[in-house]
Amino acid sequence: IDKGKKEKPEEVKNLKVKYYTEKEVKSVYIASPDLNECRSTQIDFKTGKDDQGNYLEIIVPSLEYWDMIYMSS
């Protein structure tokens, strides 16, 4: 048994995320060990509204192991 040994995950590119919030968001940032040496990078986002409420639409450039997305208002 290969305990603790896993294959490298398949990288996903341009992952669309829809995040519902009632707060006004001014900026969205991403940080990841997979991107830019773990430094935060500001990313673009769009706002919208549907029958579930107000949302942000974010395109995550790439995801391999993990990403952290945070927002400022």
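Higher on the page you've got the structure.
Basis of the calculations
Residues numbered from 1 in each chain as written. Predicted model: local features only at pLDDT ≥ 70, side-chain atom pairs only at ≥ 80, totals over all residues. Heavy atoms only, no water. Salt bridge = Lys/Arg side-chain N within 4 Å of Asp/Glu carboxyl O. Buried < 20%, exposed > 50% of the residue type's maximum accessible area, 1.4 Å probe, protein only. Helix = DSSP H or I, 4+ residues; strand = E, 2+ residues; numbered from the N terminus. Pairing = 2+ DSSP bridges. Axes fitted to C-alpha atoms, helices over the stretch in contact; angles between N-to-C directions. Phe/Tyr/Trp six-rings, centres within 6.5 Å; stacked < 30°, edge-to-face > 60°. Lys NZ or Arg CZ within 6 Å of the ring centre and 35° of its normal.

Novice: Explain the pattern of salt bridges to me, and be specific about the residues and the numbers.
Specialist: In the structure shown here, the tally under the stated rule is 3 salt bridges. Of the charged contacts in the structure, one is a salt bridge between K13 and E11, with a shortest N-O distance of 3.5 Å. With a relative accessible area of 55%, K13 lands in the exposed category. Ionic pairing is found between D50 and K18, a salt bridge with its closest N-O pair at 3.3 Å. One end of the pair, D50, is in strand β4 (residues 45-50); the other, K18, is in strand β1 (residues 12-20), and 32 residues separate them in sequence. A relative accessible area of 42% places K18 in the partly exposed class.

Novice: Describe the sheet that holds β1, listing the residues and the values that go with them.
Specialist: Pairing is antiparallel in the open sheet, where 3 strands are placed in the order β1-β5-β4. Of all strands in the sheet, those bounded by a partner on one side alone are β1 and β4. For this sheet the average axis-to-axis angle between neighbouring strands, irrespective of direction, equals 30°. Inspection of the sheet shows β4 paired to strand β5 (residues 53-63) by 6 bridges, in the antiparallel sense.

Novice: Now, about the packing of aromatic side chains: what can you tell me, with residues and values included?
Specialist: According to the stated counting rule, one finds 2 aromatic pairs in the structure shown. Ring geometry for Y20 versus Y55: centroids 5.7 Å apart, planes at 65°, classification edge-to-face. Linking Y20 in strand β1 with Y55 in strand β5, this pair joins segments that are 35 residues apart in sequence. Take Y20: its relative accessible area is 29%, and that puts it in the partly exposed class. What makes Y55 buried here is its relative accessible area of 16%. Taking the centre distance of 5.2 Å and the plane angle of 20° together, the rings of Y29 and Y70 count as stacked. Highlighted residues: Y29 in strand β2 (residues 27-31) and Y70 in strand β6 (residues 68-72), separated in sequence by 41 residues. A relative accessible area of 31% means that Y70 is categorised as partly exposed. Its end group placed over the ring of Y55, K18 keeps NZ or CZ at 4.3 Å from the ring centre.

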